[in-house]
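Understanding the architecture of this molecule
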Amino acid sequence: MKSLILGTAALALSAGMGLAETVRLGTEGAYAPWNFVNDAGEIDGFERELGDELCKRAELTCEWVKNDWDSIIPNLVSGNYDTIIAGMSITDERDEVIDFTQPYTPPDPSAYVAQSADIDLESGVIAAQATTIQAAFVAEQGWTLVEFATPEETVAAVRNGEADAVLADKSFLDTVVGDDLVMLEKTEALGGGVGMGFRESDAELRGKFDAAIQSMKDDGSLNELIAKWEVSSQW
Amino acid sequence: MSCVETIQAYAFRSLGIGERLLPRGEYTLCEHFTLIGSGLIWNVYFGALALTTGFFLAVALAVGKSSPNPLWRKPAEWFIFLFRGSPLFIQFFFAYACFLSLKSVSSFFDPFTSAWLGALVVLFFNTAAYSGEIFYGALLSIPKGDIEAADAYGMSGWTRFRRITFPTMLRLAWPAYTNEAIFLFHATTLVFFSGFPAWRQQGDALYYASYFADKTFNPFVPYPILAFYFILLTLVIIAIFGAVNKHLNKHLPQERRRKFRLRPNLIR
Amino acid sequence: MFSYCTDPSTLEGLSWLSCYLTTGKHLNLYISVVVVLVLLAITAPVALLFGFGAASAARSKFLPLRWFGKGYTSIVRGVPDIAFFLFFVIALDQAFEWMRHKVKCPDWDQPIRQGIDFVVCDAAKLPLSASPQWVHETYGFFLAVLTFSIVFGAFAANVLYGAMRAVPRAQIETAEAYGMTTRQAFWRILVPQMWVYALPGLSNLWMVLIKATPLLFLLGVEDIVYWARELGGTKTERFTEYPHPNWHVWYFAALLVFYLCFTKVSEVVLARIMKRLTKGQATAGGEAQRKAAA
């Protein structure tokens, strides 16, 4: 029902503004605190607030779209939405197929979480989400890697003893450490900063968002948002 | 790396033999084909073992379900209903959770949380339930005359089952059973996709296909390759099952033999 | 939903549960149940239609048509549905947009494929990027229906093809003896009689179709399993008013019950249809029915 009402509002708006002005923002909705679905069933989180603010500054009508992580880039290049704003680190591999804005958060280190702080990573079993930069990193080190389909399962694996530690983004692991799990001091600098992804043929739109990010960096509002959601260090 | 070297390095990567690191940087077609083909080993392993072991349980379930004794019939009915009525991924989920908690009870269950055994057990139960239903349907449609003739020859009990009921059941069920085998091999792609964790990047064909799709961001190359492999696999299954079917029907007159081949999906 | 739900942390027991189960997110779960049921209701007849078309094509005397029918059935049946879903929807979407592009923007001078990018003119976008979200969702829904129908149409074609050949040859010969044309014999004799042979296979297909719905999320439709996974995950109080540990077991148990019930209902309904169809047919089942009535 809600999407219906939002939809008609967007229709009314876009009718007055001409066709090309609606920008569709693709996100995953399963990666707190960056983006997640709140109790009301709407997309919420750091990137929801950031995206809405950027759209306001760039004077665009924006619409949020949820998409599975695995197919988020194929659907972008195929034109099903216009930009990815989903906690996506800027990596060389990704940069070859899509274009990024300047990063809106500094690199977020990856961290380890385990049941006790004195585990030996080299002889232990390290869990990571399948086909992430963390998984690739563990494999490169020659450690024993075990991959799960979702981040939730990687943490569960440490809890139930299937794995000795989990390697993931620090901001995500911050949300899971508690009485039973501790974060190791060792961190790994894996990804670059997080930016918005665009089709390479869409330089104009990218320019608009890039300028909006710059303006948020300049007036300090980006830092406020980062602090509010505790997603990374500040600029 | 030339293609021959790639094959040497990755042909058995899914079993942990060969190059430790998966290909990076350039992703050639040769690497696609080699690695996805290597993953196919696991699909064949799961499919073939679950099918052969499941066959025996399936026969037992079919006999149980058609038994007049509720002590046999009820468990068989429930088993078949439970495994036919729920999606495979839910079965994987509960099996994995169950094996995990059993593990803390006894170290006997340690290997069950690995895909090679745990997923095999689930697939074994699953295919046993589906085939059991097929065999049950076939048992019901055994011509009455065949049984009566066996009685007239003085056969009963085990002899009658072994010499008359079982072969006829198999013959009637075979076309549908072929389909079940195809479905089972397709279902093996779910093992690592949502179910069991992949250790040391050793996974099945779909695991490597999605590895490539994730790295190249182009789903139009790895998944069609995966599809190609599975079409080949399906053709092999059909060929093998066709040969068995021929064997099962060899005593029938030509005319009737064809008639049985014409009704592939009556039961499944 | 309820007025007492404003501060869930003060609630306990049933009243907490009643609030928890009526959050907007849970409503999405309930909506997705309806979506899945509607999708099944549309997909089943469409897939049957595809299957009928392909089965008729496979019987055709016209060679290319026969190849098409047989090729479609054997290729699609050979591929695991999951592998198909992972790339087919995007391909289908691009194919539609490409066709619209050719029609709507004939004087477009840029290439459609720019590297990995797929760029068509704005007017050719499906749906137009300015369309409201529900249009996009409906479009995604119909793409999913189409993909499901193509996959299951191939299986249905295989079943119907077998059923058409199972109708006793004598029936057709009698029809021809009465002076019916091939077409008349096909529509008046073969088609009405084939269903009783096809139904066991089709009902099995329906069961497989029900159990393929967890794959809907790959097609961009938020199905029950997606929401169950999402809702069941661990929730800390930072992001929700209803924090809870990992409850996947409960949500999946609910799904299990849902699927089992759905299967049971389907079995009962299909058994009734079978009984109706058998009536008056020249089969063992029909004979038994006739004897029982007499």
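Residues numbered from 1 in each chain as written. Chains lettered and ligands numbered in written order. Predicted model: local features only at pLDDT ≥ 70, side-chain atom pairs only at ≥ 80, totals over all residues. Heavy atoms only, no water.

Moving on, we come to the packing of helix H4 (residues 88–103) of chain B against helix H9 (residues 248–278) of chain C. Put simply, H4 of chain B and H9 of chain C touch, their axes get as near as 11 Å, and they point 140° apart. The hand of the H4 of chain B/H9 of chain C crossing is left-handed. Where H4 of chain B abuts H9 of chain C, its residues Phe89, Ile90, Phe93 and Phe94 of chain B lie against His248, Val249, Phe252, Ala253, Leu255, Leu256 and Tyr259 of chain C. Along the lines of polarity and charge, the residues of the contact of H4 of chain B with H9 of chain C split into ten nonpolar, one polar and no charged. (Axes fitted to C-alpha atoms, helices over the stretch in contact; angles between N-to-C directions. Helix = DSSP H or I, 4+ residues; strand = E, 2+ residues; numbered from the N terminus. Left-handed = near helix turned anticlockwise from the far one by under 90°. Contact = heavy atoms within 4.5 Å. Nonpolar A, V, L, I, M, F, W, Y, C, P; charged D, E, K, R; others polar.)

Once that is clear, we can look at the UniProt feature "transmembrane region" (unreviewed entry) in chain B. Residue and element names in this part refer to chain B. Those places that UniProt annotates as "transmembrane region" (unreviewed entry) correspond, in this numbering, to residues 44–64, 76–102, 114–136, 181–200 and 220–244. Annotated as residues 181–200, this span is 55% helix and 10% strand, and its ends, taken at the C-alpha atoms, are 29 Å apart. In this annotation, residues 220–244 is assigned 92% helix and 0% strand; the end-to-end C-alpha distance for the span is 36 Å. (UniProt positions renumbered as here; feature names shortened; annotations may be inferred.)

All right, on to the interface of chain C and chain B then. Listed as interface residues are 41 residues of chain C and, on the opposing side, 39 residues of chain B. Both faces considered, chain C and chain B share a buried interface measuring about 3500 Å² in area, 75% of it formed by carbon and sulfur atoms. Taken together, the links from chain C to chain B amount to zero salt bridges. Run the count over chain C and chain B and you get seven residue pairs in polar contact (both at pLDDT 80 or more). With eleven residues, the single largest contributor to the side of chain C that touches chain B is H9 of chain C. Class assignment of the residues belonging to the side of chain C that touches chain B gives a composition of 26 nonpolar, eight polar and seven charged. (Buried area = accessible area lost by both parts, 1.4 Å probe. Salt bridge = Lys/Arg side-chain N within 4 Å of Asp/Glu carboxyl O. Polar contact = N/O pair within 3.5 Å; in protein donor to acceptor, adjacent residues only side chain to side chain.)

Residues and elements named next belong to chain B. Evaluation of the coordinates by the stated rule reveals 23 salt bridges over all chains. In this structure, Glu77 engages Arg73 in a salt bridge whose closest nitrogen and oxygen atoms are separated by 3.9 Å. A residue pair is termed a helical-turn pair when its members lie 3 or 4 positions apart in one helix, as Glu77 and Arg73 do in helix H3 (residues 70–85) at four residues. Assessed through its relative accessible area of 24%, Glu77 is described here as partly exposed. Residues Glu77 and Lys74 are paired through a salt bridge, measuring 3.5 Å at the closest nitrogen-oxygen approach. One end of the pair is Glu77 and the other is Lys74, both in helix H3 and three residues apart, which spans about a single turn. We classify Lys74 as partly exposed; its relative accessible area is 41%. (Buried < 20%, exposed > 50% of the residue type's maximum accessible area, 1.4 Å probe, protein only.)

Residue and element names in this part refer to chain A. Reading across from one edge, S2-S3-S4 is the order of the three strands in this open sheet, with antiparallel pairing throughout. At either end of the open sheet lies a strand with only one pairing partner, and these are strand S2 (30–31) and strand S4 (43–44). For S2 and strand S3 (residues 35–37), the ladder comprises two bridges, and the chain directions are antiparallel. Along S3, the bridge assignment pairs Ala30 with Phe36. (Pairing = 2+ DSSP bridges.)

Next up on the list: the interface of chain B and chain A. In this assembly, 21 residues from chain B lie in contact with 20 residues from chain A. Buried surface at the junction of chain B and chain A, summed over both partners, amounts to about 1900 Å²; 55% is from carbon and sulfur atoms. Here chain B and chain A share two salt bridges between them. Linking Lys103 of chain B and Glu162 of chain A is a salt bridge whose minimum nitrogen-to-oxygen distance equals 2.3 Å.

With that settled, consider the sheet that holds strand S1 (residues 22–27) of chain A. All names here are of chain A. Ordered in space as S5-S1-S6-S13-S7, the five strands form an open sheet in which the pairing is mixed. Looking at which strands have only one partner, the edges of the open sheet turn out to be strand S5 (61–66) and strand S7 (99–100). For S7 and strand S13 (residues 197–198), the ladder comprises two bridges, and the chain directions are antiparallel. The residue bridging Asp99 from the neighbouring strand is Phe198, located in S13.

Let us look at the state of the cysteines. Residue and element names in this part refer to chain B. Enumeration over the complete set of coordinates arrives at four disulfides over all chains. One disulfide in the model links Cys3 with Cys30; its S-S distance is 2.0 Å. Given an S-S torsion of about 90°, the disulfide between Cys3 and Cys30 has right-handed geometry. Of this pair, Cys3 sits in helix H1 (residues 3–10) while Cys30 sits in helix H2 (residues 29–65), and the two are 27 residues apart along the sequence. Taking only the cysteines that form disulfides and numbering them from first to last, chain C has the pattern 1-2, 3-4. (Disulfide = S-S within 2.5 Å.)

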